[in-house]
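Take a look at the letters that make up each chain.
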Amino acid sequence: MSFYWIKTNLIIKWLFSKYVWDIPNTENKIYLSFDDGPTPEITDWVLEELQKHNAKATFFCVGKNIEQQPQLFEKIIENKHAIGNHTFNHLNGWKTATKEYLKNVKRCAKTIAKHNYALTSKFFRPPYGKMTKAQLDALRKQGYKIIMWDVLSADFDTSISKEKCLKNVISNIKPGSIIIFHDSVKAFQNLKYTLPKVLDYIDEKKFQYDVIP
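My aim in this report is to walk through the structure given alongside it, one point at a time. From a predicted model like this one, the values you see are computed outputs, not experimental measurements.

## Brief notes about the overall build of the chain
Moving on, step 1. On a plain count of helices and strands, the chain comes out with 8 helices and 8 strands.
Moving on, step 2. Taking 17 Å as the expected radius of gyration for a compact globule of 213 residues, we find that the chain reaches 16 Å, a close match to that expectation.
Moving on, step 3. Sorting the 213 residues of the chain into buried and exposed places 52% on the buried side.
Moving on, step 4. In the chain, the proportion of contacts linking residues at least 24 apart, taken out of those at least 6 apart, comes to 76%.
Moving on, step 5. Looking at the chain as shown, the accessible area adds up to about 10600 Å², and 53% of this sits on carbon and sulfur atoms.
Moving on, step 6. Side chains of the chain carry 32 positive and 22 negative charges; the gap between the two charge centres is 8 Å.

Shown next, in the form of structure tokens:
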């Protein structure tokens, strides 16, 4: 498994300050986010778990998955969660020409727009957290906020235990944290153990849920 930060290093945040890594606040707010859906059954399960806690989150959706699961995408919106663009085909920006990458982002945006979802802000998260400076600058010029994360659950990593996944999150949450999970088949084994316990922990510590503003 390639190296990744669980708690994003302060130097990384400083070096890449054009990205949104966290949202400091005095209201004890934290920001849950889910990547790669909508995914049948798994996204449904996530929505049910969030509803139990009256928790709101931001879903960074893959355009192809929206096309394949339009009713499930509508369900995310109906539950008053926020939506972000995660490209149409889950592209790795480091391996994709800028023109092709931007075209793919636009295709995802059009797919989202078909569902009459009114984006209050244009959120974008690069798959794998990888994009070039040219891609970043072009999307920022189009009005996108590039949303990264402060706490990585690493639920996608099948080599770690579900207990380690849980520890990754609860050991690093602080007010303003953007926490990333994945509503994907690959991540579900870790997610189904971790998410309910994280939600209980958030309630216990009296953090406030909010969508990314």
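Back to the text.
## Regarding unusual backbone geometry
Moving on, step 1. Following Gly-37, the chain continues to Pro-38 via a peptide bond in cis, the omega torsion being 0°.
Moving on, step 2. Secondary-structure assignment places Pro-38 in the loop between strand 1 (29-35) and helix 2 (42-52).
Moving on, step 3. Of note, the phi angle at Asn-28 is positive, near 65°, even though the residue is not glycine.
Moving on, step 4. The topology assignment puts Asn-28 in the loop between helix 1 (10-15) and strand 1.
Moving on, step 5. Of the residues examined, Asn-28 reaches a relative accessible area of 26% and is grouped as partly exposed.

## Considerations on the side chain of His-115
Moving on, step 1. By secondary structure assignment, the location of His-115 is in the loop between helix 5 (98-113) and strand 4 (122-124).
Moving on, step 2. Excluding residues that lie within four positions of it along the chain, His-115 makes contacts with Ile-66, Pro-70, Phe-73, Glu-74 and Ile-77.

## Side note on the nonpolar core
Moving on, step 1. Ranked by size, the top nonpolar core spans 32 residues in total, and within it Leu-32, Phe-34, Leu-50, Phe-59 and Phe-181 carry the most contacts.
Moving on, step 2. Put simply, the parts of the chain that give this core at least two residues each are strand 1, helix 2, strand 2 (57-61), helix 4 (70-78), helix 5, helix 7 (162-170), strand 7 (178-182) and helix 8 (188-204).
Moving on, step 3. Filtering out sequence-adjacent residues up to four positions away, Phe-34 remains in contact with Val-46, Leu-50, Ala-57, Thr-58, Phe-59, Phe-60, Phe-181, Asp-183, Leu-191 and Leu-195.

## With respect to the packing of helix 2 against helix 4
Two measures define how a pair of helices packs: the angle their axes make with one another and the distance between the axes.
Moving on, step 1. For the pair helix 2 and helix 4, interaxial distance at closest approach is 10 Å and the crossing angle is 15°. The angle between the axes of helix 2 and helix 4 places the two elements in the roughly parallel class. When you trace helix 2 past helix 4, the crossing you get is left-handed. Across the interface between the two elements, Thr-43, Asp-44 and Leu-47 from helix 2 touch Leu-72, Lys-75 and Ile-76 from helix 4.
Moving on, step 2. Split by residue class, the contact of helix 2 with helix 4 holds 3 nonpolar, 1 polar and 2 charged.

Cut-off values and rules
Residues numbered from 1 in each chain as written. Predicted model: local features only at pLDDT ≥ 70, side-chain atom pairs only at ≥ 80, totals over all residues. Heavy atoms only, no water. Helix = DSSP H or I, 4+ residues; strand = E, 2+ residues; numbered from the N terminus. Rg over C-alpha atoms; globule rule 2.2 N^0.38 Å. Buried < 20%, exposed > 50% of the residue type's maximum accessible area, 1.4 Å probe, protein only. Contact = heavy atoms within 4.5 Å. Areas by Shrake-Rupley, 256 points an atom, 1.4 Å probe, with all protein chains shown as cover. Lys, Arg positive; Asp, Glu negative; His and termini not counted. Charge placed at Lys NZ, Arg CZ, Asp CG, Glu CD. Core = buried A, V, L, I, M, F, W, Y, C linked by side-chain atoms within 4.5 Å. Axes fitted to C-alpha atoms, helices over the stretch in contact; angles between N-to-C directions. Parallel < 35°, antiparallel > 145°, perpendicular 65-115°, else oblique. Left-handed = near helix turned anticlockwise from the far one by under 90°. Nonpolar A, V, L, I, M, F, W, Y, C, P; charged D, E, K, R; others polar.

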